[in-house]
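Spelled out from the first residue to the last, the chains are:
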Amino acid sequence: MFSKVDITKKNQFLEQTKALREERANDKLKNDAAIVIQAISYDKSVLERFGFNSSSADKQKCNSHLFLHREICKELEDVLEIPPDPGAVYKPKLKPALEVYKTIQKFFFVFEKDRDAGQFDYLCRYLLSSMDAGADNMKMCYVYLVLNKDVVLPWIAQIKEVLWKCCSFLKSLKAENHSDMKRVNLYLTVLITFTSSGGWKILKGKLGETLTPGMNQLCNNIMGHLNTKGLYPVLKGLLAQGLSRTKILFNSATLSAIVNLSLRPLIASNFSENLMTVFVLHIMSVPALLHHVAVTSGECLNVLITHRIFKRALDLLTNEQSTRIIFNSLEGSYALCLLANLVSLGMAELEGLVENTQNFMSVVIRLLDSCKKYVLNKKSNLTSWHLILGWFSQKSDESLNAAMPHVKEQIKLLWSEKMIRILFSDLLAYVEAEREQAVAKKEPSPSKNILKKAIEKASSKSTAVRIKLESPLAKTTCYTCALYQIMMNTLTQLRMDILSGISYNQVLLPALWKFLCDLGPNCGLKVFIDLLTQTPNSVIHPVFSLLTVFCEAASHYIITLDDMEMYEQQKMFTLDDYIRMSKFLNLFVYRVTWHNLIDIRSLESGESDVYNATHNLLLLLYERDCRRPYAEKDHWLNRDIKPTAFLKDSDRDRAMEVLVKKTPFIIPFAERVKAFRHRVRLEKESLGLTESAAISPQSTLITVHRNRVVEDGYRQLAQIPAQSLKGVIRVKFVNEQGLDEAGIDQDGVFKEFLEETISKVFDPSLSLFKVTTEQKLFPSSTSFIQENHLHLFDFVGKMLAKAVYEGIVVDVPFAPFFLTQILQHHQNTMYSPLDELPSLDPELAKNLSYTKHYEGDVSDLDLTFSCDEDCMGRLETHELVPGGKAMPVTNENKILYVHLMAHFRMYRQIKEQTAAFRRGFQTVINPDLLLMFSAPEFQKLISGDNADLDIQDLRRHTRYYGGYHNSHKVISWLWDIVTNNFTPQERGLFLKFVTSCSKPPLLGFAHLEPPFSVRCVEVSDDQDTGDTVGSVLKGFFNLKKKDPIGRLPTSSTCFNLLKLPNYQKKSTLRDKLRYAITSNTGFELS
């Protein structure tokens, strides 16, 4: 069955097999020797490490290595047809792929990166050329060798080595160099070509259909290898190098290649969690990547959208552990870049954002919270400023800083119109449905049932609960607000931008207000108080975030409204809304403080976001009402408390003390004035400045010449201690002849000195103060023409404070904005200088309003952020911001411009003068005592009440001298004339004639010091001065005497004393008194 074997042939076959085995062994030895030689460095230390010394034999070995390298490179040049001129066009004639493969193998044995970079570049170019070989010439294509079973495995190893060498070169190249940029594109092209079989021409046709699955698997295997070696760090470094700069280096093709390369391992692994983590960590954290992709390569962006990278990233980051791992691997700024790219991708992939809104918000909150904790942990003395996160200790990274403006633009998408509508979609849908329902109800109904209509009307005004906290609407809306709250607390440098995005959105603020109103009576006050009562000091429930965000945004919006927008146009909110809003806020702040629902220390230190937001909005609404009322007179008072008991306990109870400081307006103004006087009295007693506190109270005596009142007063009082200023100051006047004047010392002489001083220093001719168009006083910006003008302002502040401290009313009307600055209300974040500008410069206010509401392009007005001032005939230009002269006003920054202009005009121009005045004022009066008063109330404290005179109160507290008494005929005529014959204006002139102030004391005439007095002046003979016994008897018994028709009533304002002749006719008294008070005649010192 089997043929016989030939022994001779068998021996020959064995001999041939042995020879081939020995030949292969020798080839292996040669290859190993070449590897050893190639590994040898010319550095002496390396030579010694391999056992070589400087002997001639070792030198021969090194020379052999050089010879081998030169021979292999020459062979490579021949095979690849590398031209001698590097600038020549490279069009090689393709060689069989097997020959090229073997030559590359040899080349890699002797390859050194720095030395052989040029040859490697030509190798890459040749391999790319070989890929153009078609099916008819497929043996020339480099990837043809995958079909050769004998070399397929080493070929795969070789292609992997080629591709990783490309990656290695990418790590070391500088993309800003033109030559390096060309090489970057070359290596990227090689990587793109050999990691996907989609463009391989040899796979076209029927053969390709068979081979494609296998080739795809091969490419996936190659991508896995590259990923294991470190592909993603390479791509991250390359992206950062090209994108993290003011002007990016990559064009569309380059950027698209990098992004596609980064996606291929993901696709190969079917988006495994591990690789997705690596992708997010290295690629999604590249600063402003998605911004540049969207701008530069729309096709690349579509690839990201097609593979639903946004949703996959969300799915990964929704896992808290994954987020923690990624954040811990990233420096805080790069975590912010990851967030920015995620936001950009979400806005590009809107369908995915809408479908995954809840997960998106959860991830954003988690990332922001991590950034916030990171910044807090990095607080130290060695801090630097971050464009978005503010001050904290951070590594210097110039490339990151260059990219931050783009990152900032990405982050801003979070409060864009489109994003707000997506995140608040449920709330906006609810509001729209309610609106449509309300419109439907307003349509005329054919029903004639009066009772039914009445019920419908009542139900429409019902304050019943329409939204419950457990409802899906409440949960999504509150959670979204929690997102924006943590956004404002973390992105500190973008806080104003966030508030602008929320507040200027035409639908969101009204929708949030609607939500609050539908929570129940008083805007759901019971809901908030119940939550705080159940868990005191805990505002963790998201509904507090909703309240905080609403109040912050509403404050930001209202502060920018001028009177026309708020009162006439009623933009966004009606006046009824403001009334309802302020009522809720007033009750909320009161109950939280009074019942200690939030720790008092948090309220005082400003650590409670919800309290700060509600309190600030409440103060803003109150200040606007003070300046131009929109609510009823007693709207701000809290009827749940007894003012007297409240103020008594405010010195002892901390909660009451906080309420008095934070919301003094809940107590009637008169009660607060009493509290002020009470505290002044207690302070005097503690300092031993009253007769009850000391046998002989401390006093200061000064001598003042009539013709140098201000100079002498300033010289003697400016430098005395604060305690002496608060004590008794006695004044001795010296007349023009140099003689001491006599006077009755009831502190009236000091009052006269005070009035004289104040009348002179506030005289605009002295150039310390100017007057507005309404004759209101404010510091002059040119006061420097007076020597030591700031010291004079300090002195004036002390004198005015002394008057207030002693309860002496002085008729000094200040401009509202100046009063605000004395009280330091302008430092409040809710203060807007634009509100009070009309009180200073109505014309400028009108012009700024025109600019603000200009509907065209504001740049046509040719305005810049600078202001020209006529300074005593010399034109000076002031910049509102650094470089303002070259910064044009545009539609985007016009709001900022009008506010800065108002701030400059009312604050910066008189900053030093105001500070000096305030410093002097606070020397006498503790600023904490003034926290109880608004600016209009402070003016009343200085100048008395604007109300009409209470003549009955004045008469009850008037003292009579010289024979007059309450039932005297002339006195009866006097009060009848003042009550029935004088107009309110004339009554004010009468009071000013006697007391130097046209306004009554705040607490009534019982508190006027010295008391209002009337003295009978008899003129029957020249010796009778009105104080003689005869004069007193004649006046008291009304004895007949000559009618003193030749004399006018006079007064001594320092004593609040009216010197009234004993007229015999009522008509004479009326005419003489009217003449005296209207002509300011008869001022003298008795």
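Draft legend 1. Structural view of the overall build of the protein. Looking only at helices and strands, the protein has 49 helices and twelve strands in total. The burial tally for the protein puts 50% of its 1086 residues in the buried class. Restricting to contacts in the protein with at least 6 residues of sequence separation, those with at least 24 account for 73%.

Draft legend 2. Structural view of the nonpolar core. Phe360, Tyr484, Leu491, Phe550 and Phe588 are the most contacted members of the largest nonpolar core, which has 224 residues in total. Beyond its immediate sequence surroundings of up to four residues, Leu491 is in contact with Leu336, Leu368, Ile388, Leu389, Ile411, Trp415 and Ile498. Residues Val709, Val731, Ile822 and Phe1055 belong to the second largest nonpolar core, which totals 86 residues.

Draft legend 3. Geometry of the sheet that holds strand β10 (residues 1013–1017). Pairing is mixed in the open sheet, where four strands are placed in the order β9-β10-β12-β11. Of all the strands in the sheet, just β9 (959–961) and β11 (1050–1052) have a single pairing partner and so form its edges. Each strand axis lies, on average, 25° off the axis of its neighbour in the sheet, ignoring direction. For β11 and strand β12 (residues 1057–1061), the ladder comprises three bridges, and the chain directions are antiparallel. Bridge pairing in β12 places Thr1050 opposite Lys1059. Sheet strands in contact with helix α46 (residues 969–981) are β9, β10 and β12, and its direction is about 115° off that of β12.

Draft legend 4. Fine view of the environment of Asp928. With respect to the element layout, Asp928 can be found in the loop between α43 (911–924) and α44 (935–943). Residues Asp928 and Lys661 lie 267 residues apart in sequence; the distance between their C-alpha atoms is 7.9 Å.

Draft legend 5. View of the side chain of Gln913. By the secondary structure assignment, Gln913 is in helix α43. The buried category is assigned to Gln913, whose relative accessible area is 4%. Within polar-contact distance, the side chain of Gln913 engages the side chain of Ser783 at 3.1 Å. When near neighbours in sequence (up to four residues on either side) are disregarded, Gln913 contacts Pro779, Ser780, Ser781, Ser783, His789, Leu790 and Phe793.

Draft legend 6. Unusual backbone geometry, seen in detail. At Gln570, a residue that is not glycine, the phi angle is positive and equals roughly 50°. Mapped onto the secondary structure, Gln570 falls in the loop between α28 (563–568) and α29 (575–594). Among the residues examined, Gln570 registers a relative accessible area of 29% and is labelled partly exposed. At Asn788, a position not held by glycine, the phi torsion is positive, near 55°.

Draft legend 7. Seen up close, helix α31 (residues 609–627). With 19 residues, α31 extends 27 Å between its outermost C-alpha atoms, agreeing within 8% with the 27 Å of an ideal straight helix rising 1.5 Å per residue. Counting buried positions along α31 yields 14 of 19 residues, so the element is predominantly enclosed.

Draft legend 8. Representation of the pattern of salt bridges in the model. Here the structure, examined in full by the defined rule, presents 47 salt bridges. Among the ionic pairs, Asp530 bridges to Lys526, the shortest N-O distance being 2.7 Å. Note that Asp530 and Lys526 are positioned in helix α26 (residues 521–534) at a spacing of four residues, about one turn of the helix. Lys526 sits in the exposed class, given a relative accessible area of 60%. One salt bridge connects Asp712 with Arg708, and the closest N-O pair in it is separated by 3.4 Å. Several salt bridges share partner residues, and in doing so they unite Glu434, Arg466, Lys514 and Asp518 into one network.

Draft legend 9. View of the confidence of the model for the protein. Mean pLDDT over the protein: 84, with 86% of residues reaching 70 or higher. In this model, residues 1–5 is a region of pLDDT below 50 whose contacts with residues beyond four sequence positions or in other chains number zero contacts. Note that residues 39–57 has pLDDT below 50 and, in this model, 16 contacts with residues that lie over four places away or in other chains.

Draft legend 10. The pairing of strand β3 (residues 699–705), seen in detail. Alternating residues of β3 divide into Thr700, Ile702 and Val704, all buried, and Ser699, Leu701, Thr703 and His705, none buried. Taken together, the seven bridges between β3 and strand β4 (residues 728–734) define a ladder with parallel strand orientation. Opposite Ser699, over in β4, you have Val728 as the bridge partner.

Draft legend 11. Broad picture of the pairing of β10. Most of β10 sits inside the fold, with five of its five residues counted as buried. As paired elements, β9 and β10 share three bridges and run parallel to each other. Directly across from Tyr960, in β10, lies its bridge partner Val1014. Looking at chain direction, β10 and β12 are connected through five bridges and run parallel. Across the sheet, Val1014 pairs through a bridge with Leu1058, a residue of β12.

Draft legend 12. Focus on the side chain of Thr757. Examined against the element boundaries, Thr757 turns out to sit in helix α37 (residues 748–761). Not counting chain neighbours up to four residues away, the residues in contact with Thr757 comprise Val709, Val710, Phe795 and Met799.

Draft legend 13. Spatial organisation of the packing of aromatic side chains. Summed over all chains, the structure comprises 46 aromatic pairs. Ring-pair connections join several aromatic residues into one group, and the members of that group are Phe107, Phe108, Phe111, Phe120, Phe169 and Tyr187. If you follow Lys113 out to its NZ or CZ, it ends over the ring of Phe169, 5.4 Å from the centre. Sitting above the plane of the Tyr334 ring, Lys236 keeps its charged end 5.6 Å from the centroid.

Draft legend 14. Broad picture of the environment of Met581. If you trace the backbone, Met581 turns up in helix α29. Here Met581 falls in the buried class, since its relative accessible area comes to 1%. Separated by 59 residues in the primary sequence, Met581 and Asn522 have C-alpha atoms spaced 8.4 Å apart. Not counting chain neighbours up to four residues away, the residues in contact with Met581 comprise Trp513, Phe550, Phe573, Leu617 and Leu621.

Draft legend 15. Molecular detail of the packing of helix α7 (residues 178–194) against helix α10 (residues 252–268). Interaxial distance between α7 and α10 falls to 10 Å at its minimum, and their mutual angle equals 35°. With respect to the hand of their crossing, α7 and α10 are arranged in left-handed fashion. Residues Met181, Asn185, Leu188, Leu191 and Ile192 of α7 pack against Thr254, Ala257, Ile258, Asn260, Leu261 and Arg264 of α10. Its residues assigned to classes, the contact of α7 with α10 comprises seven nonpolar, three polar and one charged.

Conventions adopted
- Residues numbered from 1 in each chain as written.
- Predicted model: local features only at pLDDT ≥ 70, side-chain atom pairs only at ≥ 80, totals over all residues.
- Heavy atoms only, no water.
- Helix = DSSP H or I, 4+ residues; strand = E, 2+ residues; numbered from the N terminus.
- Buried < 20%, exposed > 50% of the residue type's maximum accessible area, 1.4 Å probe, protein only.
- Contact = heavy atoms within 4.5 Å.
- Core = buried A, V, L, I, M, F, W, Y, C linked by side-chain atoms within 4.5 Å.
- Pairing = 2+ DSSP bridges.
- Axes fitted to C-alpha atoms, helices over the stretch in contact; angles between N-to-C directions.
- Polar contact = N/O pair within 3.5 Å; in protein donor to acceptor, adjacent residues only side chain to side chain.
- Expected span 1.5 Å × (residues − 1).
- Salt bridge = Lys/Arg side-chain N within 4 Å of Asp/Glu carboxyl O.
- pLDDT = per-residue confidence, 0-100.
- Phe/Tyr/Trp six-rings, centres within 6.5 Å; stacked < 30°, edge-to-face > 60°.
- Lys NZ or Arg CZ within 6 Å of the ring centre and 35° of its normal.
- Left-handed = near helix turned anticlockwise from the far one by under 90°.
- Nonpolar A, V, L, I, M, F, W, Y, C, P; charged D, E, K, R; others polar.

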